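# Descriptive structure summary
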Amino acid sequence: MITDSSHSDDSVQFQLILINSISTMNNKTINDYKKGLKAKYEEAKTGIFSGFLLKPSPAELKNLCLVLLDKGFNKLDQEILDRFFNLNDKSSKLKQIEHFEVDKLKPISNFLKGRTEITRVVNLDVIAVLVDFNPRPYRKFIEGNKEELTEDLAINEIVKNEELEVIEGNKNESVFQELKKKSVSKKIVFAAMPLFVLGSVCYGVKNIFFSDKNCMVWVKNHYEAVEYDKVKHTAAVSPFNQYLLLNFKKITVSDTTTFFRNEDINSPIVWYGKSPNKKEYEYFNQPGLHPETRKTLKPITKYIIGKHILKND
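Residue positions are given per chain, counted from 1 along the sequence in the order it is written. Local features in this predicted model are restricted to residues of pLDDT 70 or higher, and side-chain atom pairs are both shown and tallied only at a pLDDT of 80 or more, whereas totals for entire chains, interfaces and linings draw on every residue. The side-chain quantities take in all heavy atoms of the structure and omit both hydrogens and water.

## Some points on the overall build of the protein chain
- Within the protein chain, the regular secondary structure consists of 14 helices and seven strands.
- Per-residue burial for the protein chain yields a buried fraction of 31% across its 313 residues.
- Should any heavy atoms of two residues lie within 4.5 Å, those residues are considered in contact. Contacts in the protein chain between residues far apart in sequence, at least 24 positions, make up 55% of those at least 6 positions apart.
- We get accessible surface area from the Shrake-Rupley algorithm with a probe of 1.4 Å; when it comes to residues, only the shown protein chains can shield them. By element, 55% of the accessible surface of the protein chain is carried by carbon and sulfur atoms, the whole surface being about 20,700 Å². Only DSSP runs of H or I reaching four residues or more are called helices, and only runs of E reaching two or more are called strands; each is numbered from the N terminus. Throughout, exposure labels follow a simple rule: accessible area from a 1.4 Å probe, protein chains only, divided by the maximum for the residue type, with under 20% read as buried, over 50% as exposed, and the rest as partly exposed.

Structure, rendered in structure tokens:
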């Protein structure tokens with residue numbers, strides 16, 4: 001039997017290249033982690049937390065940590081924050097971050113701004129949390145994703161997708177047959193309705209996500225999206241931040257207000273700060289910066305409730 005030695009050699013060489021490539025992919029380094037973080041940051045700084053990440057000062061990064069902590073962390077992310085901020089369970093973690101020395105976030109700020117490199121892995125892991133980079137933390141990144149699809153699973157996924165497409169095709173065919181049974185007028189109505197709904201949805205999506213409103217201004221007790229060119233000379237402008245736009249509000253408090261989650265004084269759901277004239281306290285439903293003074297808001301305490309709220313009722 002005659003064999004094609006050149007073909008055999010090519011096959012062996014291809015296998016060696018493939019093995020080499022796989023080996024190289026698995027040997028991830030800290031530089032690969034940094035590159036991934038930088039790329040993800042470029043994406044995240046125009047996302048829902050752009051108000052914190054577009055100009056990532058140490059104060060803005062600390063406030064983003066407060067917002068994310070309030071929203072809730074998984075176990076790994078909580079471990080990262082605990083390690084960086086040296087958090088413990090003796091008091092509210094929000095309070096501990098609030099009193100954390102803001103200058104210690106400068107290395108993270110400078111890294112995101114492209115000014116310096118970071119060598120401490122815990123700092124890189126904090127960035128991974130802030131920009132939602134995966135896999136994280138670093139130890140998980142260098143191990144590689146152990147949940148990657150095998151070839152068989154990948155094929156099964158393709159088959160499932162093809163089956164779904166067939167099912168959807170059958171559904172569409174059934175709908176078409178039903179429409180054929182209707183009168184001409186009903187056909188027109190049923191055909192026009194999806195177009196009308198689609199048009200309305202597209203118009204709404206455009207206004208929400210693709211409008212020319214590229215920044216925000218504070219109006220009484222909430223943020224409103226506006227066009228920068230229309231307000232730049234008349235109002236204090238903040239970077240567009242969808243999360244703050246939808247969730248951040250100034251609230252009125254009284255003796256009937258719920259100040260703590262499940263009555264736990266270590267889980268505040270109200271934050272406060274002095275008004276621009278510094279004559280009174282103002283209250284908000286989210287942590288972050290006071291929209292007018294730009295000072296960091298503080299979590300509510302029983303002392304503040306007793307001294308400044310209940311005495312006024």
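On we go.
## A few points about unusual backbone geometry
- Residue Asn134 is joined to Pro135 through a cis peptide bond whose omega torsion reads 0°.
- Along the polypeptide, Pro135 turns up in the loop between helix H8 (121-131) and helix H9 (138-143).
- Positioned with a positive phi, Asn262 is a non-glycine residue whose angle comes to about 55°.
- If you trace the backbone, Asn262 turns up in the loop between strand S4 (250-251) and strand S5 (271-274).
- Assessed through its relative accessible area of 74%, Asn262 is described here as exposed.
- Located in the positive-phi region is Glu263, a residue other than glycine, with phi close to 60°.
- Within the element layout of this structure, Glu263 appears in the loop between S4 and S5.

## A look at the sheet that holds strand S7 (residues 298-299)
- The sheet built from four strands is open, its strands ordered S4-S6-S5-S7 with antiparallel pairing. Each edge of the sheet is formed by a strand with only one pairing partner; in this case those strands are S4 and S7.
- Packing of helix H14 (residues 302-309) onto the sheet brings it into contact with S5 and strand S6 (281-284), and relative to S6 it is tilted by some 130°. Strands were regarded as paired on the criterion that DSSP finds at least two bridges between them. Under this scheme, a helix contributes an axis fitted over its contacting stretch, all axes are lines through C-alpha atoms, and angles between N-to-C directions fall in the 0 to 180 degree range.

## A word on a positive patch on the surface
- Patches here: salt-bridge-free residues with over 30% relative accessible area, like charges joined within 9 Å, nonpolar side chains (Val, Leu, Ile, Met, Phe, Trp, Tyr) joined within 5 Å. Salt bridge criterion: a side-chain nitrogen from Lys or Arg within 4 Å of a carboxyl oxygen from Asp or Glu. In summary, the charge assignment counts Lys and Arg as positive and Asp and Glu as negative, without counting His or the chain termini. Where a charge sits is defined by one atom per residue type, namely NZ (Lys), CZ (Arg), CG (Asp) or CD (Glu). On the surface, a cluster of positive charge is made up of Lys274, Lys278, Lys295 and Lys298.
- Following the sequence through the fold, Lys274 ends up in strand S5.
- Of the residues examined, Lys274 reaches a relative accessible area of 45% and is grouped as partly exposed.

## Description of the pattern of salt bridges
- Under the criterion given, the structure shown has 13 salt bridges.
- Arg294 serves as the salt-bridge partner of Glu60, at 3.8 Å between the closest nitrogen and oxygen. One end of the pair, Glu60, is in helix H4 (residues 58-71); the other, Arg294, is in the loop between S6 and S7, with 234 residues separating them in the sequence.
- Classification of Glu60 by relative accessible area gives buried; the value is 13%.
- Look at Arg294 and you get partly exposed, because its relative accessible area is 37%.
- Between Glu282 and Lys250 there is a salt bridge, and its shortest N-O distance comes to 3.2 Å.

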